Amino acid sequence: MAAGNTPLQFNISVESASGNARPGVYSFRVSLFFNSIERYIGDPVTRKLAVDPRQLEFAVFIFPGKTSIPAGCLWSLRVWLRVNGDEVWVGKDPDFNSIGDASFTRLKSLDIKEQVYQAYVGRALVTFFIKWQRVGDGVYKYSLEYEANGVGGLLFDEFSLKISGDPRTFGARTIMPAGASHRLRVWLRSLVPLSSSNPTASYTLPFNDSYIYHRIWKSDAFKIGARLDFDSLGSKMIMGFPSSGGPQTIVQPL
């Protein structure tokens with residue numbers, strides 16, 4: 001691409017943590033190549049891949065940043081991978097349906113080690129994995145991962161909860177407004193015993209269930225989507241294009 005009158009080349013390296021080209025953890029690094037000089041930009045980003053890294057596609061673009069001295073030298077860079085605290089939030093039976101433009105996850109499967117949820121984030125189908133490990137007497141550590149079309153990552157880890165019962169007895173609900181940049185919220189749901197929620201009821205019906213919800217995690221920068229229209233960013237955006245030679249495989253000496 002050309003930034004003003006300056007030709008630029010961005011290189012994206014995808015490196016396996018194990019040193020083998022197989023499903024697992026990979027590090028992504030971006031470098032800028034200009035006038036026979038190459039420099040890394042930012043810190044490496046780690047993601048889990050279940051697809052061939054040579055089949056990945058990226059959208060790379062720049063747009064003018066803030067006013068610079070000299071003028072026309074500051075650019076903001078965006079790289080997208082394409083693939084097919086102190087507050088306490090808690091409530092009983094909150095009306096999640098009142099949240100406009102929200103997308104809710106649905107429980108897909110459940111076993112002794114994890115719960116699997118799915119939801120459409122924008123137009124991308126995303127799978128969320130909630131896993132737990134017992135670390136003490138009634139104490140469990142939970143983690144949340146996501147995966148979309150073979151690419152995923154860790155959202156949080158080492159989240160401790162003390163559960164007086166089966167760790168599978170609670171559910172989680174994640175909420176994502178539609179679009180490409182999302183606010184992700186994770187609520188823990190626990191069933192209220194029938195005797196506590198309705199002492200006069202002598203039998204159980206599905207619509208008698210009552211739950212306590214507690215928000216345990218949030219992110220305001222969960223960026224994912226499908227069929228994103230980058231052209232809508234306007235005429236100032238400069239889109240890069242893949243090199244004609246295609247991706248290169250580099251074997252590091254042992």
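You'll find the structure just up there.
All figures in this text were calculated on a predicted structure; none of them were measured in a lab.

1. What about the overall build of the chain?
At step 1: When helices and strands are counted, the chain shows one helix and 18 strands.
At step 2: Looking at the chain residue by residue over its 254 residues, the buried ones come to 31%.
At step 3: Element-wise, carbon and sulfur atoms account for 52% of the exposed surface of the chain, whose accessible area totals about 16800 Å².

2. Focus on the pattern of salt bridges
At step 1: A full pass over the atoms with the stated rule returns five salt bridges.
At step 2: A salt bridge links D52 to R54, with the nearest nitrogen and oxygen atoms 3.1 Å apart.
At step 3: R54 sits in the partly exposed class, given a relative accessible area of 48%.
At step 4: Put simply, E145 and K131 hold a salt bridge, and the shortest N to O gap is 4.0 Å. With E145 in strand β13 (residues 139-148) and K131 in strand β12 (residues 124-134), the pair connects residues that are 14 residues apart, well separated along the chain.
At step 5: In this structure E145 comes out as buried when scored by relative accessible area, which is 13%.

3. Structural notes on the nonpolar core
At step 1: With 24 residues, the main nonpolar core has V126, F128, L155 and F222 as its most contacted residues.
At step 2: For this core, the elements supplying multiple residues, two or more each, are β11 (114-121), β12, β13, β14 (151-162), β16 (181-191) and β17 (211-223).
At step 3: Counting eight residues, the second-largest nonpolar core is a separate cluster that includes M1, A3, V30 and L32.

4. Examining unusual backbone geometry
At step 1: Even without glycine at this site, N149 takes up a positive phi of about 55 degrees.
At step 2: Within the fold, N149 resides in the loop between β13 and β14.
At step 3: With a phi close to 60 degrees, E158 is a non-glycine residue in the positive phi region.
At step 4: Counting through the fold element by element, E158 comes out in strand β14.

5. Details of the environment of R39
At step 1: Looking at the secondary structure, you find R39 in strand β5 (residues 37-49).
At step 2: Separated by 29 residues in the primary sequence, R39 and F10 have C-alpha atoms spaced 9.7 Å apart.

6. As for the sheet that holds β12
At step 1: The strand order β3-β4-β5-β14-β13-β12-β11-β10 describes an open sheet built from eight strands, whose pairing is antiparallel. The open sheet terminates on both sides in strands that have one partner only, identified here as β3 (9-16) and β10 (106-110). Neighbour-to-neighbour, the strand axes of this sheet turn through a mean angle of 25 degrees, independent of strand direction.

7. Digging into the pairing of strand β4 (residues 24-34)
At step 1: In terms of strand pairing, β3 meets β4 through eight bridges, oriented antiparallel. When the sheet's bridge partners are listed, V14 is paired in β4 with F28.
At step 2: Bridge count between β4 and β5: 10 bridges; the pairing is antiparallel. If you follow L32 over to β5, its bridge partner there is R39.
At step 3: Hairpin geometry of β4 and β5 is characterised by an intervening segment of two residues between the two adjacent antiparallel strands and by a positive phi of about 50 degrees at N35.

8. Quick look at the environment of Y40
At step 1: The residue Y40 is located in strand β5 in this model.
At step 2: Linking Y40 and V30, residues 10 residues apart in sequence, is a C-alpha distance of 6.0 Å.
At step 3: Filtering out sequence-adjacent residues up to four positions away, Y40 remains in contact with R29, V30 and S31.

9. Some points on the environment of V126
At step 1: With respect to the secondary-structure elements, V126 resides in strand β12.
At step 2: With relative accessibility at 0%, the residue V126 sits in the buried group.
At step 3: C-alpha separation for the pair V126 and V151, spaced 25 residues apart in sequence, amounts to 9.8 Å.
At step 4: Non-local contacts of V126, meaning those with residues more than four positions away in its chain, are made with Y117, Q118, A119, V121, Y146, E147, A148 and I224.

10. Some details on the packing of aromatic side chains
At step 1: If you walk through the whole model with that rule in mind, you get 13 aromatic pairs.
At step 2: For the pair W80 and F230, a centre-to-centre distance of 5.9 Å together with 65 degrees between the ring planes defines the contact as edge-to-face.
At step 3: Aromatic side chains F96 and F104 sit 6.4 Å apart centroid to centroid with 75 degrees between the ring planes, which places their arrangement in the edge-to-face category. The exposure classification of F96 matches that of F104, with both residues buried.

11. Digging into the sheet that holds strand β6 (residues 57-64)
At step 1: Reading across the sheet, the three strands line up as β7-β6-β18 and stay open at both edges, with antiparallel pairing between neighbours. Both edges of this open sheet fall to β7 (75-82) and β18 (238-239), since each of them pairs with a single strand only.
At step 2: Pairing of β6 with β7 involves eight bridges; the strand directions are antiparallel. Bridge pairing links F61 to R78 in β7.

Reading guide: rules and limits
Residues numbered from 1 in each chain as written. Predicted model: local features only at pLDDT ≥ 70, side-chain atom pairs only at ≥ 80, totals over all residues. Heavy atoms only, no water. Helix = DSSP H or I, 4+ residues; strand = E, 2+ residues; numbered from the N terminus. Buried < 20%, exposed > 50% of the residue type's maximum accessible area, 1.4 Å probe, protein only. Areas by Shrake-Rupley, 256 points an atom, 1.4 Å probe, with all protein chains shown as cover. Salt bridge = Lys/Arg side-chain N within 4 Å of Asp/Glu carboxyl O. Core = buried A, V, L, I, M, F, W, Y, C linked by side-chain atoms within 4.5 Å. Pairing = 2+ DSSP bridges. Axes fitted to C-alpha atoms, helices over the stretch in contact; angles between N-to-C directions. Contact = heavy atoms within 4.5 Å. Phe/Tyr/Trp six-rings, centres within 6.5 Å; stacked < 30°, edge-to-face > 60°.

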